[in-house]
Amino acid sequence: SKLQNSTTISESSVPNGFKGELRPYQKRGLSWLQFLRQWGLGSCLADDMGLGKTIQTLSLIQSDWESGIKKPVLLICPTPVVGNWQKEAAKFTPDMPIMVHHGTGRKKDKNFIKDAQKNAHVISSYSLLHRDIEILNSVEWSGIVLDEAQNIKNAETRQSKSARSIEADYKIALTG
């Protein structure tokens, strides 16, 4: 009835473990993401660069983690942005465990599955998405977040097909 009755979306509170302050439009963005996540719907957060898509997403993951949802979220981003996600997560959600799945030393066996399940989110890249799709598909994901989602705009590419093949409770596309 909430979807049919066009009721307003109530503003979400910032999770306790989030170390930062969300601006009013970022709180609305978090509320929007939580509303859609509650109904199992995918979402697209399309804010201009520098307006806080990363921290809105991290606050959503932190909120889920604090509410007892202990399945990891898979974050896929361009390779040059992997380190930025890691730094932002350490700064704004320092108590949330993260794992980076990148580089030649990355795990590609059942140890990956075991390690991924211990983390709130796993950061990887578009370049590895189709290469490691088998191991990525073996994890039960709470969500999948595609940063710079224009990377999957061509539906026929391997990385686009791989992104669509991953099962998750919700999916979020972030774009500028």
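Note: the structure precedes this text.
Here we summarise the structure given alongside this text.

## What to know about the packing of aromatic side chains
Enumeration according to the criterion identifies two aromatic pairs in this entry. Between Phe18 and Phe92, the aromatic rings sit 5.6 Å apart at their centres with planes inclined by 10°, giving stacked as the arrangement. Taken together, the residues Phe18 in the segment before α1 (24-38) and Phe92 in helix α3 (residues 82-92) connect sequence positions 74 residues apart. On the basis of relative accessible area, Phe18 is assigned to the buried category, the value being 6%. On the numbers, 6.5 Å between centres and 20° between planes, the contact of Trp32 with Phe35 is stacked. With Trp32 and Phe35 both in helix α1 and three residues apart, the pair spans about one turn of that helix. Among the residues examined, Trp32 registers a relative accessible area of 37% and is labelled partly exposed.

## What to know about unusual backbone geometry
Unusually for a residue other than glycine, Glu148 sits at a positive phi of about 55°. Looking at where Glu148 falls in the secondary structure, it is placed in the loop between β5 (141-146) and α7 (158-165). Among the residues examined, Glu148 registers a relative accessible area of 26% and is labelled partly exposed.

## A word on the pairing of strand β2 (residues 73-77)
Of all five residues in β2, five are buried; the element is thus mostly enclosed. The alternating pattern of β2 places Val73, Leu75 and Cys77 and Leu74 and Ile76 on opposite faces, both of which are buried. In the sheet, β2 pairs with strand β4 (residues 121-125) via five bridges, with the strands oriented parallel. Each bridged residue has a counterpart across the sheet, and for Leu75 the counterpart in β4 is Ile123. Here β2 pairs with β5 via four bridges, running parallel. Its bridge partner lying in β5, Leu75 is registered against Val145.

## Quick word on helix α2 (residues 53-66)
Spanning 14 residues, α2 covers 20 Å between terminal C-alpha atoms, matching the ideal 20 Å at 1.5 Å per step. The buried fraction of α2 amounts to 13 of the 14 residues, a majority that puts the element mostly inside the structure. Note on α2: the residue one or two positions beyond its end, Gly68, has a positive phi of about 100°.

## A few points about the sheet that holds strand β6 (residues 168-175)
Across the sheet, six strands lie side by side as β1-β6-β5-β2-β4-β3; this open sheet has parallel pairing. The two strands at the open ends of the sheet, each matched to only one other strand, are β1 (43-46) and β3 (98-100). On average, adjacent strands in this sheet sit at an angle of 20° to one another, irrespective of strand direction. In this structure, β1 lies alongside β6, joined through four bridges in parallel fashion. Within β6, the position partnered with Cys44 by the bridge is Ala173. Sitting on the sheet, α1 is in contact with β1, β5 and β6, with an inclination near 170° to β1.

## Considerations on α1
In a regular helix each residue adds 1.5 Å, so 15 residues correspond to 21 Å; α1 covers 21 Å between its end C-alpha atoms and thus fits that length. When we look at burial in α1, the residues that qualify are Gln26, Gly29, Leu30, Ser31, Leu33, Gln34, Phe35, Leu36 and Arg37. As for α1, its buried residues are in contact with β1, α2, β5 and β6. Directly beyond the C-terminal end of α1, a positive phi value near 70° is found at Gly40.

## Points about the pairing of β4
Most of β4 sits inside the fold, with five of its five residues counted as buried. Residue alternation in β4 divides its side chains into two sets, His121, Ile123 and Ser125 and Val122 and Ser124, and both sets are buried. Taken together, the three bridges between β3 and β4 define a ladder with parallel strand orientation. Its bridge partner being in β4, Ile98 is matched across the sheet by His121.

Calculation criteria
Residues numbered from 1 in each chain as written. Predicted model: local features only at pLDDT ≥ 70, side-chain atom pairs only at ≥ 80, totals over all residues. Heavy atoms only, no water. Phe/Tyr/Trp six-rings, centres within 6.5 Å; stacked < 30°, edge-to-face > 60°. Helix = DSSP H or I, 4+ residues; strand = E, 2+ residues; numbered from the N terminus. Buried < 20%, exposed > 50% of the residue type's maximum accessible area, 1.4 Å probe, protein only. Pairing = 2+ DSSP bridges. Expected span 1.5 Å × (residues − 1). Axes fitted to C-alpha atoms, helices over the stretch in contact; angles between N-to-C directions. Contact = heavy atoms within 4.5 Å.

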